Amino acid sequence: MRVYFLSYKPAILKLNGLYVGGIDLFERHIELELSDSVLAEIVPGENLQPVNFFINEKLLFNPPEYMDVYLMDGEALIYIREYGNKNIKLSVIAQTRFCGELVTIFSQGGAFVSVEGTGYSLTPLPAKFLHAAFSEEMLAGYPVLAVRGGNELLILSDKGKRIFMNEVESAEFGDTLNITAAFETCTAAKAVCSYGYDGEKLTLLNSKTIETRPPEKNILHFAFFESVLTCGNYENYLDDELKLKAGSLKKYLGDFVSVTVPTEKFYAEHKNERAAGLVYPKAANLFEVKYFAVELNGDKISNVFPAE
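Draft legend 1. Representation of the overall build of the protein chain. For the protein chain, the count of helices and strands is 4 helices and 24 strands. Principal axes of the C-alpha set define a box for the protein chain whose edges measure 65 × 55 × 30 Å. At a minimum sequence separation of 6, the contacts of the protein chain that also span at least 24 residues come to 44%. A total accessible area of about 16400 Å² is found for the protein chain, and carbon and sulfur atoms account for 50% of it. Taken together, the 29 basic and 41 acidic charged side chains of the protein chain have centroids lying 2 Å from each other.

So, in structure tokens, the structure goes:
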């Protein structure tokens, strides 16, 4: 089996104790037999903890928490998306009192938020909250606490409950919560959303996806699948005949969660096909990639089908 390795931080890869090479966000692969149960060790820099695991059938069906595994036809991709920090000293990043609750952002091998008052809660946070700032806001007449860590936004209710956490480009508080969030797509698409608030939870009132630039023709099929995923105006990519079936395309493609570029092996076996990999969740940290291709009628898509 061909196994690809990715790491969100630059790291070195060892197999059965032998140095193999460096890995990062650029795919690198080796050929392995799962029956050999090869011991892999991945060692990052920045004083982060290494990870180690056996590459076998069990790993590809029950990956550990720090790893995402993607299964493809005769291939697998292992993505290390989290490393522990060797420095586990507790350090307070920011702290405030809000509506009788003590809210603390701290690091201890990672970022966390604790809320103490009428109750107690402890929630892990993305690493961007290692640099965090508070601001008190009013939303639909209720006080809320906004915690910003880079482009990550966490909103706590006046009772200290998490009501929102996501990456945003902008957020406006008032009678409604209005946010703009960027997607990593070919068209630099953005979601513009409005939420109502009843003091307990947010309710999505309306949402639209805006594509800020047209795709180049050679990546038009990627832009189409991304538009389906982000609920954009994907019917604009279809010719007149297929546009009549636009409403059923989302159901036909299923509940995929991202779009990826096919592997080198796929392209070698499917020359000249305009295909993309659609990623479907199978279990915790485990995904399956299915390939779909398109045919063009001029600059419009006339057919969508599984690439087998």
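Draft legend 2. Representation of the sheet that holds strand 10 (residues 101-107) in the model. One open sheet accounts for 4 strands, arranged 9-10-11-12; its pairing is antiparallel. Each end of this open sheet is capped by a strand with a single partner; those strands are strand 9 (91-98) and strand 12 (120-125). When strand polarity is set aside, the average angle formed by the axes of neighbouring strands in this sheet is 15°. Of the strand pairs in this sheet, strand 10 and strand 11 (residues 111-116) are connected by 6 bridges, and their pairing is antiparallel. Of the residues in strand 11, the one forming a bridge with Val103 is Val115.

Draft legend 3. Summary view of the pairing of strand 15 (residues 152-156). By the criterion of burial, strand 15 is predominantly enclosed, with 5 of the 5 residues buried. By the alternation rule, side chains of strand 15 split into Glu152, Leu154 and Leu156 and Leu153 and Ile155, which are all buried. Bridge analysis of strand 14 (residues 142-149) against strand 15 gives 5 bridges, and the strand direction is antiparallel. Bridged to Arg148 within strand 15 is Leu153.

Draft legend 4. Local environment of the pattern of salt bridges. One pass over the structure, following the stated rule, counts 11 salt bridges. In this structure, Lys9 and Glu46 form a salt bridge, with 3.1 Å as the shortest nitrogen-oxygen distance. Remark: Glu46 occurs in the loop between strand 5 (38-44) and strand 6 (51-55) and Lys9 occurs in the loop between strand 1 (2-7) and strand 2 (11-15); sequence separation between them is 37 residues. Judged by its relative accessible area of 25%, Lys9 is partly exposed. For Lys159, the salt bridge goes to Asp158, with nearest N and O atoms at 3.7 Å. Shared partners join several salt bridges into a network, and the residues in it are Asp68, Arg81 and Glu82.

Draft legend 5. Spatial organisation of the sheet that holds strand 13 (residues 133-139). Across the sheet, 4 strands lie side by side as 13-14-15-16; this open sheet has antiparallel pairing. Each of the sheet's edge strands pairs with one partner strand only, and the pair in question is strand 13 and strand 16 (162-167). Across this sheet, the average inter-strand angle for adjacent strands is 20°, counted without regard to direction.

Draft legend 6. Region of the structure containing unusual backbone geometry. Phi at Ala188 takes a positive value of approximately 50°, unusual for a residue other than glycine. Considering the arrangement of structural elements, one finds Ala188 in the loop between strand 18 (177-182) and strand 19 (190-197). Positive phi values are uncommon outside glycine, yet Asn272 reaches one of about 70°. Relative to the elements of secondary structure, Asn272 occurs in the loop between helix 4 (264-269) and strand 22 (274-283).

About the cut-offs
Residues numbered from 1 in each chain as written. Predicted model: local features only at pLDDT ≥ 70, side-chain atom pairs only at ≥ 80, totals over all residues. Heavy atoms only, no water. Helix = DSSP H or I, 4+ residues; strand = E, 2+ residues; numbered from the N terminus. Contact = heavy atoms within 4.5 Å. Areas by Shrake-Rupley, 256 points an atom, 1.4 Å probe, with all protein chains shown as cover. Lys, Arg positive; Asp, Glu negative; His and termini not counted. Charge placed at Lys NZ, Arg CZ, Asp CG, Glu CD. Pairing = 2+ DSSP bridges. Axes fitted to C-alpha atoms, helices over the stretch in contact; angles between N-to-C directions. Buried < 20%, exposed > 50% of the residue type's maximum accessible area, 1.4 Å probe, protein only. Salt bridge = Lys/Arg side-chain N within 4 Å of Asp/Glu carboxyl O.

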